[in-house]
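Single-letter residue listing:
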Amino acid sequence: LLAVGLGSCVYLWTPQGKVTKLNDVGQSDSITSVSWSRNGNYLSIGAYSGSVQIWDVKKSKPIRTIRAHESRVGSIAWNSKMISTGSRDKSIVLTDLRDKKDTLAQLIGHKQEVCGLRWSPDEQQLASGGNDNKLFVWSANNFERPSGKFTSHTAAVKALAWSPHQHGLLASGGGTADRCIRSWDTLTNSMVGCVDTGSQVCSLLFASTVDELVSSHGYSQNYI
């Protein structure tokens, strides 16, 4: 099941080609991010207004609205216990959906919009990328400050992926002015590899069964 945010609406697309509209945030707002929970039962929807809706897709019903940001929510990442949201207001907010409070913790470090978020497979580290060209790694044991700060990218860092095969291995991709995929050992906070792809890096994904990485690209070559 594929979720697509288009304008003010979110649509669900089945493998058989059936398309249904899940919700509409209204003409005064727009969808800026969508992300499935790890078990696939819930869909989070970030909006330009800064709100985040959580939907039970099977029941086609909203179960909660989180209002913890002052501007658009462009990145969302789930782990098994909480949802993390990154915003144009430069902050990252962690919300435990079992708690009535919208904010379990607020992570402050980026100087511009937070455009990438990804939890490590063991849920002990959260990677965040920003329009400030910075890549931060936050430990689940201490959200007061990043446990790792990486400044080698020369453009926004949106594409992030953790290796399921090597503990602590993180890949990050830079924007148009950078074009590089960089690999990091977050246990030693060191860069272990760099490849200039010749194009903006939009997304990264490690294969689950083999030690391979897939990348998708924007300007100027638009390839996979």
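Thresholds applied
Residues numbered from 1 in each chain as written. Predicted model: local features only at pLDDT ≥ 70, side-chain atom pairs only at ≥ 80, totals over all residues. Heavy atoms only, no water. Helix = DSSP H or I, 4+ residues; strand = E, 2+ residues; numbered from the N terminus. Rg over C-alpha atoms; globule rule 2.2 N^0.38 Å. Buried < 20%, exposed > 50% of the residue type's maximum accessible area, 1.4 Å probe, protein only. Contact = heavy atoms within 4.5 Å. Areas by Shrake-Rupley, 256 points an atom, 1.4 Å probe, with all protein chains shown as cover. Lys, Arg positive; Asp, Glu negative; His and termini not counted. Charge placed at Lys NZ, Arg CZ, Asp CG, Glu CD. Pairing = 2+ DSSP bridges. Axes fitted to C-alpha atoms, helices over the stretch in contact; angles between N-to-C directions. Phe/Tyr/Trp six-rings, centres within 6.5 Å; stacked < 30°, edge-to-face > 60°. Lys NZ or Arg CZ within 6 Å of the ring centre and 35° of its normal. Polar contact = N/O pair within 3.5 Å; in protein donor to acceptor, adjacent residues only side chain to side chain. Core = buried A, V, L, I, M, F, W, Y, C linked by side-chain atoms within 4.5 Å. Patch = residues over 30% accessible without salt bridge, like charges linked within 9 Å, V, L, I, M, F, W, Y side chains within 5 Å. Salt bridge = Lys/Arg side-chain N within 4 Å of Asp/Glu carboxyl O.

For the rest of this paragraph, the subject is the overall build of the protein chain. Of regular secondary structure, the protein chain possesses zero helices and 21 strands. In terms of overall size, the protein chain behaves like a compact globule, its C-alpha atoms giving a radius of gyration of 17 Å where 224 residues would be expected to give roughly 17 Å. Seen through its principal axes, the protein chain has C-alpha atoms that stretch 45 × 40 × 35 Å. In the protein chain, buried positions account for 47% of the 224 residues. In the protein chain, the proportion of contacts linking residues at least 24 apart, taken out of those at least 6 apart, comes to 36%. Accessible surface computed for the protein chain: about 11400 Å², of which carbon and sulfur atoms make up 48%. Separation between the mean location of the 23 positive side-chain charges and that of the 18 negative ones in the protein chain comes to 5 Å.

Let's shift gears to the sheet that holds strand β9 (residues 83–87). Read across the open sheet, the four strands follow the order β8-β9-β10-β11; overall the sheet is antiparallel. Taken across any chain shown, the strands that pair with only one partner, and hence form the sheet edges, are β8 (73–78) and β11 (105–108). Across the sheet, the mean angle from the axis of one strand to that of its neighbour is 20 degrees, orientation sign disregarded. In terms of strand pairing, β8 meets β9 through five bridges, oriented antiparallel. Paired with Ile 76 across the two strands is Thr 85, which belongs to β9.

The next thing to look at is the packing of aromatic side chains. Going through the model one piece at a time under the given rule, you end up with two aromatic pairs. Geometrically, the ring pair formed by Phe 150 and Trp 184 is tilted, given 4.5 Å between the ring centres and 35 degrees between the ring planes. Note that Phe 150 is positioned in strand β15 (residues 148–150) and Trp 184 in strand β18 (residues 180–185), a separation of 34 residues in sequence. Each member of the pair Phe 150 and Trp 184 is classed as buried. For Lys 149, the ring lying beneath its charged end belongs to Phe 136, and the centroid distance is 5.9 Å.

With respect to the helices and strands, the residue Asn 79 is situated in the loop between β8 and β9. Of note is the side chain of Asn 79, whose polar atom sits 2.8 Å from the backbone nitrogen of Lys 81. At 2.6 Å, the side chain of Asn 79 and the backbone nitrogen of Met 82 are in polar contact. Ignoring anything within four residues of it in the chain, the contact list for Asn 79 reads Arg 38, Trp 119 and Glu 123.

Turning to the nonpolar core, a few remarks are in order. Core analysis: the largest hydrophobic core is formed by 13 residues, its most contacted members being Ile 92, Leu 94, Leu 107, Trp 119, Leu 126, Trp 138 and Phe 143. Those elements that provide at least two residues to this core are β10 (91–95), β11, β12 (114–119) and β14 (135–139). Looking at this core, the element that brings in the most residues is β12, giving three residues. Ranked by size, the runner-up nonpolar core spans ten residues in total, among them Ala 3, Ile 31, Leu 43 and Val 57.

What follows deals with a nonpolar patch on the surface. A surface patch of nonpolar side chains, amounting to about 470 Å² of accessible area, comprises Leu 2, Val 4, Leu 6, Trp 13 and Val 19. For the nonpolar patch, the element with the most residues is strand β1 (residues 2–6), which contributes three residues. Inspection of the secondary structure assignment puts Trp 13 in strand β2 (residues 9–13). Note on Trp 13: relative accessible area 45%, which makes it partly exposed.

Moving on to the pattern of salt bridges. Summed over all chains, the structure comprises six salt bridges. We note a salt bridge from Arg 72 to Glu 113, for which the minimum N-O separation is 2.8 Å. Remark: Glu 113 occurs in the loop between β11 and β12 and Arg 72 occurs in the loop between β7 (61–67) and β8; sequence separation between them is 41 residues. Where Arg 98 meets Asp 96, a salt bridge forms, and the shortest distance between an N and an O atom there is 2.9 Å. A residue is classified by how much of its surface remains accessible, and Asp 96, at 13% relative accessible area, is buried.

This next bit is on the pairing of strand β6 (residues 51–56). With respect to burial, β6 is a largely interior element, six of its six residues being buried. Where burial is concerned, the two faces of β6 agree: the one with Ser 51, Gln 53 and Trp 55 and the one with Val 52, Ile 54 and Asp 56 are both buried. Across five bridges, strand β5 (residues 42–47) lies against β6 in antiparallel orientation. In the sheet register, Gly 46 faces β6, and the bridge partner there is Val 52. Between β5 and the antiparallel strand that follows it, β6, lie three residues; Gly 50 among them carries a positive phi value of about 105 degrees. Pairing analysis gives six bridges linking β6 to β7, with the strands arranged antiparallel. Looking across to β7, one finds that Trp 55 is bridged to Pro 62.

Keep in mind these values describe shape, not function.
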